[in-house]
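Chain residues, written in single-letter form:
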Amino acid sequence: MLLFHAVTAVHLLAARFVAAVPVDAAESPAIEIDPTAEPLDALAQLQQQAVGLLEQNESVTKRAPKGCSLATTALRRDWEYMTKVERKAYISAVQCLQKLPSKSDPTWAPAAKTRYDDFVAIHVNQTMYIHGNGLFLTWHRYFVWAYEQALRNECGYTGYQPYWNWFAHTDNIYKSPVFDGSDTSLGGDGEFFSHNGSLAGASTIPIPSGQGGGCIKSGPFKNMQANIGPIRPGMQGITDLVPDITVQNHRCLRRDLSSYIPKKWFTTANLLNVTIGAGSKTHKLFWTEIQGRYPDGFLGLHTSGHYTMGGDATDLYSSVNDPAFWLHHAMLDRMYWIWQTLHPSEANKVAGTLTLTNKPPTRDATIDEPLNLGVNGDTKLIKDMFNTLGGTPLCYIYA
Ligand SMILES: *[C@@H]1O[C@H](CO)[C@@H](O)[C@H](O)[C@H]1NC(C)=O
Ligand SMILES: *[C@@H]1O[C@H](CO)[C@@H](O)[C@H](O)[C@H]1NC(C)=O
Ligand SMILES: *[C@@H]1O[C@H](CO)[C@@H](O)[C@H](O)[C@H]1NC(C)=O
Ligand SMILES: *[C@@H]1O[C@H](CO)[C@@H](O)[C@H](O)[C@H]1NC(C)=O
Ligand SMILES: [Cu+2]
């Protein structure tokens, strides 16, 4: 595992000095990965393939007019492979955003008190128009980017947004460096709170309770306070619900780490299906598969991450309250980036309508749809978000 990561990093560094070999075919290459491989190894191979393709692509190896190329790009890294000093710098920046005052119009979002809350507020406000529809992947890509910008520009962070590798520590989520409760984690499990599990997948897929459910009990976000939500949590037994961002609910953040989900859903089969298998062949298939097929009882990788965190992170509206939300969504974005790189002829497409599972029915989304981040960023279009090396404004890849 370590070896794969080291190889990828060296490979990438080499790309900064090696001349590019042009490739002409826009077809995705045939990639063979042993379906019995461990999920982490399969993912490392996919990552290497993606980086290899970029290294051969002249339009990203040459310094582009927009100033973004493989030589200048930011690298978003696996939390596990960041140093303790780097992790602490990230954590401090998040805590800084949680202290800075909100910029939102107080008549629009009276519950938003901090800059962190501004991100929660716009997500709540946009929930019905950014999930289960054509905006899902690109809106959240832009959302994570804008948060990374806020950490850097408003809180002095000099690194980039890390990701939580879903496929690591699937046998013991409590050992994940993201959730182990140490001072270099995003906080550990919640205090024990007796409840009847969670209902995922639009309340159709029951998830058993873990050992938590209450306030985060260790790490830098111990007893962290949230102001917005919960609105519609999947975790059962939560009674302090609020209707929207007009009602402040100052409270601790709840977690209920699930050891059930990672084993069941973060599998090689599910990873390969969305990247090189039947679920990867078109944008629409990828978009469907990664979000889940709830009527089939299939949770999908995105929802699985939310329900691995449990607690507040199971709220479709206000899951952003959990600071691990961003590491989870960076991982989702990494899957999208790997998939796009492996499927260039499908990479700039959009699927779905403008509403959550098309209720109420709306027209199909186009690539010119605006992405509204409120006070957190200028309005951009779906098509501005396709290329993470496009420079308008994105310039990053995953390591
Ligand atoms: C090379 O990169 C450009 C810009 O990102 C992209 O449009 C194109 O599809 C890529 N070509 C291949 C073969 O991946
Ligand atoms: C979101 O905010 C807009 C104003 O910017 C408001 O008109 C709309 O009702 C809000 N929607 C929700 C669901 O809060
Ligand atoms: C707990 O949830 C399960 C699954 O939704 C349900 O079958 C059961 O009746 C619930 N039990 C209680 C005590 O609410
Ligand atoms: C792979 O994805 C396709 C498309 O969504 C789906 O029909 C198929 O059932 C998936 N296969 C597995 C093994 O999950
Ligand atoms: Cu979301």
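The model shown is predicted, which means the values in this text are computed figures rather than measured ones.

Asker: Any chance you could explain the packing of helix H2 (residues 39-55) against helix H11 (residues 325-342) here in plain terms?
Answerer: Between two packed helices, the angle of one axis relative to the other and the distance separating the axes together describe the packing. Remark: H2 packs on H11, axes separated minimally by 9 Å, with the N-to-C direction vectors making an angle of 55°. Taken together, the axis directions place H2 and H11 in an arrangement best described as oblique. Between H2 and H11 the crossing geometry is left-handed. For the pair formed by H2 and H11, the contact residues are Leu 43, Leu 46, Gln 47, Gln 49, Ala 50, Val 51, Leu 53 and Leu 54 on the first element and Met 331, Arg 334, Trp 337, Ile 338, Thr 341 and Leu 342 on the second.

Asker: It is not clear to me how the layout of surface pockets should be interpreted in this structure. Could you clarify?
Answerer: Empty space left among the atoms is revealed by rolling a probe the size of a water molecule over them. The computed volume of the largest pocket comes to approximately 900 Å³. Lining the largest pocket are 37 residues; nearest its centre among them are Gly 201, Ala 202, Tyr 294, Leu 316 and Leu 356. For the lining of the largest pocket, the elements supplying multiple residues, two or more each, are helix H5 (115-130), helix H6 (136-155), strand S3 (198-200), helix H9 (283-291), helix H10 (300-309) and H11. In terms of residues, the lining of the largest pocket owes the most to one element, H10, which gives four residues. In terms of residue class, the lining of the largest pocket is made up of 14 nonpolar, 19 polar and four charged.

Asker: How should I be thinking about empty space enclosed by the protein in this particular structure?
Answerer: Counting across every chain of the model gives five cavities of 30 Å³ or more. As a volume, the second largest cavity reaches approximately 40 Å³. Lining the second largest cavity are Asp 78, Trp 79, Glu 80, Tyr 163, Trp 164, Asn 165, Ala 168, His 169, Ser 176, Pro 177 and Val 178. In terms of residue class, the lining of the second largest cavity is made up of six nonpolar, three polar and two charged.

Asker: When you look at the coordination of the copper ion (ligand 5) in this model, what are you seeing that I'm missing?
Answerer: A metal bound by six donors in octahedral fashion has ideal angles of 90 or 180 degrees, whereas one bound by four tetrahedral donors has an ideal angle of 109.5 degrees. With distances of 2.1 Å, the protein atoms coordinating the copper ion (ligand 5) are His 123 (NE2), His 131 (NE2) and His 140 (NE2). Read in sequence order, the donor residues for the copper ion (ligand 5) give the motif H-x7-H-x8-H. Of this pair, His 123 sits in helix H5 while His 140 sits in helix H6, and the two are 17 residues apart along the sequence. By the burial criterion, His 123 is buried, and His 140 matches it.

Asker: What's the story with the site of ligand 4 in this structure? I'm lost.
Answerer: Lining the immediate surroundings of ligand 4 are Asn 273, Gly 279, Leu 285, Glu 289 and Arg 293. One of the side-chain nitrogen or oxygen atoms of Asn 273 is found 2.4 Å away from an oxygen atom of ligand 4. Residue Glu 289 places a side-chain N or O atom 2.5 Å away from an oxygen atom belonging to ligand 4. Contact with the protein chains hides 56% of the accessible area of ligand 4, taken as 360 Å² for the molecule alone.

Asker: I keep staring at the state of the cysteines and nothing clicks. Help me out?
Answerer: Defined simply, a disulfide is a covalent bond joining two cysteines at their sulfur atoms. Following the criterion strictly, the structure yields three disulfides and no others. Through a disulfide, Cys 96 is tied to Cys 155; the S-S separation comes to 2.0 Å. Here the disulfide of Cys 96 and Cys 155 is left-handed, its torsion about the S-S bond being about -80°. A residue pair is termed long-range when its members are at least 10 positions apart, and Cys 96 in helix H4 (residues 84-97) and Cys 155 in helix H6 qualify at 59 residues. Each bonded cysteine in the protein chain gets a number by its place in the sequence, and the pairs come out as 1-6, 2-3, 4-5.

Asker: Could you clarify how one ought to interpret the UniProt feature "domain: Tyrosinase copper-binding" (unreviewed entry) in the protein chain in this entry?
Answerer: UniProt tags residues 131-148 and 322-333 as "domain: Tyrosinase copper-binding" (unreviewed entry). The span residues 131-148 shows a helical share of 72% and a strand share of 0%, and its end C-alpha atoms are spaced 21 Å apart.

What counts as what
- Residues numbered from 1 in each chain as written.
- Chains lettered and ligands numbered in written order.
- Predicted model: local features only at pLDDT ≥ 70, side-chain atom pairs only at ≥ 80, totals over all residues.
- Heavy atoms only, no water.
- Axes fitted to C-alpha atoms, helices over the stretch in contact; angles between N-to-C directions.
- Helix = DSSP H or I, 4+ residues; strand = E, 2+ residues; numbered from the N terminus.
- Parallel < 35°, antiparallel > 145°, perpendicular 65-115°, else oblique.
- Left-handed = near helix turned anticlockwise from the far one by under 90°.
- Contact = heavy atoms within 4.5 Å.
- 1 Å grid on protein atoms, 1.4 Å probe; cavity = no way out; pocket = protein on both sides within 12 Å on 5 of 7 lines; lining within 4 Å.
- Points joined across faces, edges and corners; volume = space filled by probe spheres on them.
- Nonpolar A, V, L, I, M, F, W, Y, C, P; charged D, E, K, R; others polar.
- Donors = N, O, S within 2.8 Å, 3.2 Å for Na, K, Ca; no water.
- Buried < 20%, exposed > 50% of the residue type's maximum accessible area, 1.4 Å probe, protein only.
- Near = heavy atom within 4 Å.
- Polar contact = N/O pair within 3.5 Å; in protein donor to acceptor, adjacent residues only side chain to side chain.
- Areas by Shrake-Rupley, 256 points an atom, 1.4 Å probe, with all protein chains shown as cover.
- Disulfide = S-S within 2.5 Å.
- UniProt positions renumbered as here; feature names shortened; annotations may be inferred.

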